[in-house]
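Residue strings, one per chain:
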Amino acid sequence: MSDLVITNLTKKFGHLTVLDNVSVTASDGQILTLLGPSGCGKSTTLWSVAGLLKPDGGSIVAGDRTLFDHGTSAFLPPERRDCGVVFQSYAVWPHMKVRDNVGYPLKLRRYKSDALRRRVDEVLELVDLADQADRYPHQLSGGQQQRVALARALAFPPRLLLLDEPFSNLDAKLRERTRDWLLQLQRRIGVTTVFVTHDQDEALAMSDKIAVMSAGMVRQIGTPEQIYNDPADIFVADFVGTSN
Ligand code: ADP
Ligand code: MG
């Protein structure tokens, strides 16, 4: 059964239709990747799932919870969606130590200090940063900072993990290593994940299912093998194929 069901999602900015009836699902524990060129609506879709913006039509359901439904005017506020979000730029707070960055979502949820500390240690262990807890972000490498952002997204165990081009600030070599590492981590946690990228290699390597998007529309949905071997149209063939 699908764990995340996005149906006919529509979003306009002024006269510009940015999402045009986007429908896609992810099964429990899967990595669903939204793949497409810059400006095709990937982030808008992800932000809609997180509740950071409100679509103009359609619905989003996670398990038995309706996050958004235009038909019934349902809109669950972002803080009640339990989405762990990692953005393209690290967005870790520079004035806070690593442990305070990671503990922040727990503080918001009024964790007691003992429990908070335990959970922060646990999640820093998970992202291989146990020895960096008392440092400040600027003392860490770009890759480590991105792992701090990931730890923060995982601190309060998320219902959905949402990753918006999380590797784009890393150099090619580190990107590849981080991608393999993240895939293993996701498998261990088993959290249903939506991963956004414009990089076809990344999508092919990381995904259980890929939705290829262009101009606000989903052009094809399939496994990496299906997308690669049997592209639905010229656009998908061009974008995913070896010609790129
Ligand atoms: P992607 O993440 O695939 O690069 P986005 O979802 O960020 O694409 O953007 C899709 C389209 O929506 C782009 O044309 C972008 O310029 C436009 N857009 C995004 N956010 C806004 C906004 N707040 N106001 C107006 N247009 C926007
Ligand atoms: Mg984007």
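Residues numbered from 1 in each chain as written. Chains lettered and ligands numbered in written order. Predicted model: local features only at pLDDT ≥ 70, side-chain atom pairs only at ≥ 80, totals over all residues.

### Some thoughts on the site of ligand 1
- Around ligand 1, the surrounding shell consists of F13, V18, G36, S38, G39, C40, G41, K42, S43 and T44.
- For the shell around ligand 1, the element with the most residues is helix α1 (residues 42–50), which contributes three residues.
- Its residues assigned to classes, the shell around ligand 1 comprises three nonpolar, six polar and one charged. (Near = placed C-beta within 6 Å. Helix = DSSP H or I, 4+ residues; strand = E, 2+ residues; numbered from the N terminus. Nonpolar A, V, L, I, M, F, W, Y, C, P; charged D, E, K, R; others polar.)

### What to know about the confidence of the model for the protein
- This prediction gives the protein a mean pLDDT of 94; 98% of its residues lie at or above 70.
- This complex was scored by the predictor with a pTM of 0.95 and an ipTM of 0.98. (pLDDT = per-residue confidence, 0-100.)

### Focus on the nonpolar core
- A151, L162, V194, A211 and V212 are the most contacted members of the largest nonpolar core, which has 60 residues in total.
- A total of seven residues in this core trace back to one element, the largest contributor, which is helix α4 (residues 142–155).
- The residues contacting A211, other than those within four sequence positions of it, are V24, L32, L34, L35, V218 and I221. (Core = buried A, V, L, I, M, F, W, Y, C linked by C-beta atoms within 7 Å. Buried ≥ 20, exposed ≤ 12 C-beta atoms within 10 Å, placed from the backbone. Contact = placed C-beta atoms within 7 Å.)

### Considering the sheet that holds strand β2 (residues 16–27)
- With antiparallel pairing, the five strands of this open sheet are ordered in space as β2-β1-β4-β5-β6. Of all the strands in the sheet, the pair left with one neighbour each is β2 and β6 (74–75).
- Here strand β1 (residues 2–13) runs beside strand β4 (residues 57–62); their pairing, made up of five bridges, is antiparallel. Each residue of the ladder has a partner; that of V5, found in β4, is V61. (Pairing = 2+ DSSP bridges.)

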